[in-house]
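Coordinate analysis (summary)
Here is what each chain is made of, one letter per residue.
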Amino acid sequence: MGADSRSRYFSECRWGLGIAMVMRLAACRGIPQAYVVVSLGVMPRRVDAWPLDFTDIPIPSCFILTRRDSVMAIEKHSTPMLDQLETGPWPSFISGIKRLRDEHPEPRINEMTNDLLGQLEHSYETRKGYWKGGTVSVFGYGGGIIPRFSEVGKAFPKSKEFHTLRVQPPAGNHYSTGMLRQLADSWEKWGSGLVTFHGQTGNIMFIGTDTKNTQHFFDEINEYGWDLGGAGPCVRTAMSCVGAARCEMSCTNELKAHRSLVNNFVDDVHRPALPYKFKFKVSGCANDCQNAIERSDFAVLGTWRDDMKVDQAEVKHYIADKGRQYYIDNVITRCPTQALSLTDDNTLVVNNRDCVRCMHCLNVMPKALHPGDDKGVTILIGGKRTLKIGDLMGTVVVPFKKLETEEDYESLVELAETIIDFWAENGLEHERCGEMIERIGLANFLDGIGIEPDPNMLSHPRQSSYIRLDGWDEAAEAWFERQAEAGK
Amino acid sequence: MADMREPIESGCPDPWQYMHPMMRKNFGQWKYHEHPRPGVLLHVAYSGDKIWTVKAGTQRILDVFTLRKLCDIGDQFAEGYVHFTLRSNIEYMVTDEAKVQPLIDALEGAGFVVGGTQNSVAMISHTQGWLHCDIPGTDASGVVKSMMDELIDEFRNANMPNRVHITTSCCQINCGGQGDIAINIQHTKPPKINHDLVANVCERPSVVARCPVAAIRPAMVNGKPSLEVDERKCICCGACYPPCPPMQINDAEHSKLAIWVGGNHSNARGKPTFQKLVAAGIPNNPPRWPEATAIVKRILKAYKEGARDWERVNEWIERIGWPRFFEEVELPFTKYHIDTWRGARASFNSSSYIRF
Ligand code: HEM
Ligand code: SF4
Ligand code: SF4
Ligand code: SF4
Ligand code: SF4
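Remember, predicted model here, so these are calculated numbers, not experimental data. (Residues numbered from 1 in each chain as written. Chains lettered and ligands numbered in written order. Predicted model: local features only at pLDDT ≥ 70, side-chain atom pairs only at ≥ 80, totals over all residues. Heavy atoms only, no water.)

The next point concerns the overall build of chain B. In terms of helices and strands, chain B carries nine helices and 15 strands. With respect to the three principal axes, the spread of C-alpha positions in chain B is 75 × 75 × 35 Å. Counting only residues that meet the buried cut, chain B has 59% of its 356 residues in that class. For chain B, contacts bridging at least 24 residues in sequence account for 63% of all contacts bridging at least 6. Within the structure as shown, chain B displays about 14500 Å² of accessible surface, and the carbon and sulfur contribution to it stands at 53%. Measuring between centres, the 40 positive side-chain charges of chain B sit 6 Å from its 39 negative side-chain charges. (Helix = DSSP H or I, 4+ residues; strand = E, 2+ residues; numbered from the N terminus. Buried < 20%, exposed > 50% of the residue type's maximum accessible area, 1.4 Å probe, protein only. Contact = heavy atoms within 4.5 Å. Areas by Shrake-Rupley, 256 points an atom, 1.4 Å probe, with all protein chains shown as cover. Lys, Arg positive; Asp, Glu negative; His and termini not counted. Charge placed at Lys NZ, Arg CZ, Asp CG, Glu CD.)

Right, let's get into helix 15 (residues 433–440) of chain A. Residue and element names in this part refer to chain A. Among the residues of helix 15, those classed as buried are Cys433, Gly434, Glu435, Met436 and Ile437. Buried residues in helix 15 make contact with strand 18 (375–381), helix 14 (406–426) and helix 16 (442–449). Of the residues flanking the end of helix 15, it is glycine 441, one or two places downstream, whose phi is positive at about 95°.

Now for the pattern of salt bridges. Across all of its chains, the model carries 47 salt bridges over all chains by this definition. When the shortest N-O distance is used, the salt bridge between A:Asp373 and A:Lys309 registers 2.7 Å. Of this pair, A:Asp373 sits in the loop between strand 17 (369–370) and strand 18 while A:Lys309 sits in strand 14 (residues 309–310), and the two are 64 residues apart along the sequence. Linking B:Glu311 and B:Arg319 is a salt bridge whose minimum nitrogen-to-oxygen distance equals 2.6 Å. When its relative accessible area of 28% is taken as the criterion, B:Arg319 is described as partly exposed. Among the charged side chains, a network of salt bridges with common partners joins A:Arg305, A:Asp374, A:Lys402 and A:Glu404. (Salt bridge = Lys/Arg side-chain N within 4 Å of Asp/Glu carboxyl O.)

We now examine the environment of A:Thr347. Within the secondary structure layout, A:Thr347 lies in the loop between strand 15 (340–342) and strand 16 (348–350). Sequence separation between A:Thr347 and A:Val310 is 37 residues, and the spatial gap between their C-alpha atoms is 9.6 Å.

Attention now goes to a nonpolar patch on the surface. A cluster of nonpolar residues, A:Ile467, A:Leu469 and A:Trp472, forms a patch on the protein surface that exposes about 340 Å² of accessible area. Under the relative-accessibility criterion, A:Trp472 is labelled exposed at 56%. (Patch = residues over 30% accessible without salt bridge, like charges linked within 9 Å, V, L, I, M, F, W, Y side chains within 5 Å.)

Residues and elements named next belong to chain A. Alternating residues of strand 7 (residues 164–167) divide into Thr164 and Arg166 and Leu165 and Val167, and every residue in both groups is buried. Here two bridges tie strand 5 (residues 145–146) to strand 7, and the two strands are oriented antiparallel to one another. Its bridge partner lying in strand 7, isoleucine 146 is registered against threonine 164. Here strand 7 pairs with strand 10 (residues 204–207) via four bridges, running antiparallel. In the strand pairing of strand 10, valine 167 is matched with isoleucine 204. (Pairing = 2+ DSSP bridges.)

Before going further, it helps to examine unusual backbone geometry. Of the consecutive residues A:Leu387 and A:Lys388, the connecting peptide bond is found in the cis state with omega at 0°. Looking at where A:Lys388 falls in the secondary structure, it is placed in the loop between strand 18 and strand 19 (395–401). With an omega of 5°, the peptide bond running from B:Pro286 to B:Pro287 counts as cis. On the secondary structure map, B:Pro287 appears in the loop between strand 15 (276–282) and helix 7 (290–306). Not every positive phi belongs to a glycine, and A:Asn173 is a case in point at roughly 60°. In this fold, A:Asn173 is placed in the loop between strand 7 and strand 8 (174–176).

Time to look at the sheet that holds strand 14 (residues 255–261) of chain B. All names here are of chain B. Read across the sheet, four strands follow the order 8-9-14-15 without closing on themselves; strand pairing throughout is mixed. A strand with exactly one partner marks an edge of an open sheet, and here the two such strands are strand 8 (166–169) and strand 15. With strand direction ignored, the average angle separating the axes of adjacent strands in the sheet is 25°. As judged from the seven bridges shared by strand 9 (residues 181–187) and strand 14, these two strands associate in the antiparallel manner. Across the sheet, residue glutamine 186 finds its bridge partner in strand 14, namely lysine 256. (Axes fitted to C-alpha atoms, helices over the stretch in contact; angles between N-to-C directions.)

All right, on to the packing of helix 6 (residues 177–190) of chain A against helix 2 (residues 64–77) of chain B then. The contact between helix 6 of chain A and helix 2 of chain B brings their axes to 10 Å, and the two run at 160°. It follows from the interaxial angle that helix 6 of chain A and helix 2 of chain B lie roughly antiparallel. The chirality of how helix 6 of chain A crosses helix 2 of chain B is left-handed. For the pair helix 6 of chain A and helix 2 of chain B, the contacting residues are A:Thr177, A:Leu180, A:Arg181, A:Ala184, A:Asp185 and A:Glu188 in the first and B:Val64, B:Leu67, B:Arg68, B:Cys71, B:Asp72, B:Gly74 and B:Asp75 in the second. Split by residue class, the contact of helix 6 of chain A with helix 2 of chain B holds five nonpolar, two polar and six charged. (Parallel < 35°, antiparallel > 145°, perpendicular 65-115°, else oblique. Left-handed = near helix turned anticlockwise from the far one by under 90°. Nonpolar A, V, L, I, M, F, W, Y, C, P; charged D, E, K, R; others polar.)

See below:
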């Protein structure tokens, strides 16, 4: 291929696909005048940067080559403001959208992304958004699609419908590249080719398609194992940290807790009928990488209740490495409950009854300190962001729960059902679970879900004397009975 | 509707099938980790098995070409499995140390940024913005791209006192969430109501109920049922706008950016904390928002110089005190920093603790 003719083509690299497969792909896309080239190696994405001679490139791979002039010419919107986001070292999403506009073999995608860029530039110029909502759903479901209709669709007709599909990720966000490719293939068939892993609620966000193709895309990926997440007043997509899969701090099987919970509520995910949204998040320990306490209605955090494991030899290695003072300043004095001390011979002493399992000392000395064996979870209810009464963190409702046997998981799910049922019945319209608890009081909430009060649920007991205490004696007696039952 | 297909309500997929085999093999059996260099984690299992993780930042809004390129790198250098973090970074796992450097080279060569581990400024978590939300006062991807361009060295290296999580949100609903530093829209004028549309578009009682300060009431305007806002009460939060788009809250001039600090989700060393307002009135200035970035950089600089090892932003300020914080980051302290919302009293100093 001569130098001047190279620029008439653009390429789509298909690592790992055999030539027959690539040809089939080209044919079924209906790419006009497509060429499939078996080249040898790593190719720069832009055709004009290709070498003239392919012979010294080591690894075989296939490319679909499409003649540029075979793709309908589109009139590109000028985007002087967005162009400024193509400079600088961080990867540019604008360059990515432009690649879809300029290099994708599918004219539908070229045109859609062109108009998307046009509308976005218009937003940048006027500092206004131009999407409005509406109603779009797939057959059988009431939620999971974020409908987007353009208010400036006359000027940008090809992206005038630009809906987002929220698709639930595998718990813990693990993917094989094969599966990502399959999703990419489906998405470029039906959508804009833009996708995010993941939105803030945790969904894979397939950004941009019209109403008709929303259904086609969903049908296609639903066949191979993917389902929509929640949108609207419903149980939302859940999230869990990487946890046991690759983290020594993990105190529970996050993936199993995550899937047991959210998959018990598929109906409530797909058919919004609750007072408002309800989110589950699971973190394997108190580091709470998932922001569960701050951002979920039902937070599950791994913990343990026996003694933490201390490898004194490793403690001494750490001290030998960074010095005694470093560990006094950064571990001993930083424990929130003064549960640690270091003896003169560099033995770390842990007062496990004072330790609140905050994870700090384990974070600093991961080789020396490990969670104990009697692991379980703490459950906090009612976290949420600002609207409407202000930010709330979750409140401890279950200080410790074992999560090992199938029955343990079943009772976890039952607890979630009880809480959601109580809230569905007692929450006002558009009232998050935490706001309902704030309104009716924690004691009433506990009563409603059949959980006895426990001092672990509070930072401290009440400060206000303005309360009627008629039932005190019975309540005190009940406490002693419960203590006796628990063998304390 | 005969050709309509019933959905398979499979819910959240089982990740086991997509998990790197070494992670499957040692599930729940990891012993410790090390941080061999920024952007790389080494996890060691009780069995002695090792897995190296290489983390890279991307543009988050991925086009299929970029997604396939990430897959190509995964196939060529990283055994065909990937993991995404909460902050939309991609992670590749390898079981052979010799593969780490070629993987890093491939990622950097393809324009991705290796880093984001341990004491770095992590990838800014962001929302939808003008690209595809229906209520945004600003863009999200553009703000993040502009800021990451300037914070890239802090992402690539890990020499902050502790990790720094930055978030952005393009409305006051704030789906970006809590952060050590949060850059959020803050409206400063009440909604402008298009009375001709209200009756047709809005469910008036539920809009009235949405307002956190009960500033909205039903009214007849020009003989049509509409809504009215008591502008002395209105706190310009924008909560009425999603259920009632004719109550336009976004304003090219008066929707500003505000910066909040000290949100921390971790329980380590202290209970989780919410972020606090430190700066407001910052111009919403596309395409590169230089004013907001400049303040973020000042905060990061003061934190980097002043905080002790392991102190997150909230802990650092807790130790040095707010007066010194405002001094060090050269931000004005105003009456607007004094909270007025429920529980505000708990934020007042009721002691003789003053730093001099
Ligand atoms: C029309 C209105 C709204 C739109 C278009 C919208 C859009 C979104 C989107 C796209 C996400 C990320 C979703 C994902 O990861 O799948 C999100 C998350 C979120 N939204 Fe909304 N939202 C709207 C209304 C609200 C309201 C009214 C609230 C507050 C009460 C809210 C609070 C949040 C929060 C807190 C998150 C982050 C969730 C998390 O951490 O799990 N949103 N929103
Ligand atoms: S929350 Fe704990 S277990 Fe989960 S990834 Fe973070 S440190 Fe590991
Ligand atoms: S885990 Fe936290 S509370 Fe427990 S000993 Fe360590 S630093 Fe102290
Ligand atoms: S922060 Fe607000 S405007 Fe931005 S994506 Fe979330 S809901 Fe939309
Ligand atoms: S902007 Fe907020 S305070 Fe003002 S009227 Fe709307 S909901 Fe009420």
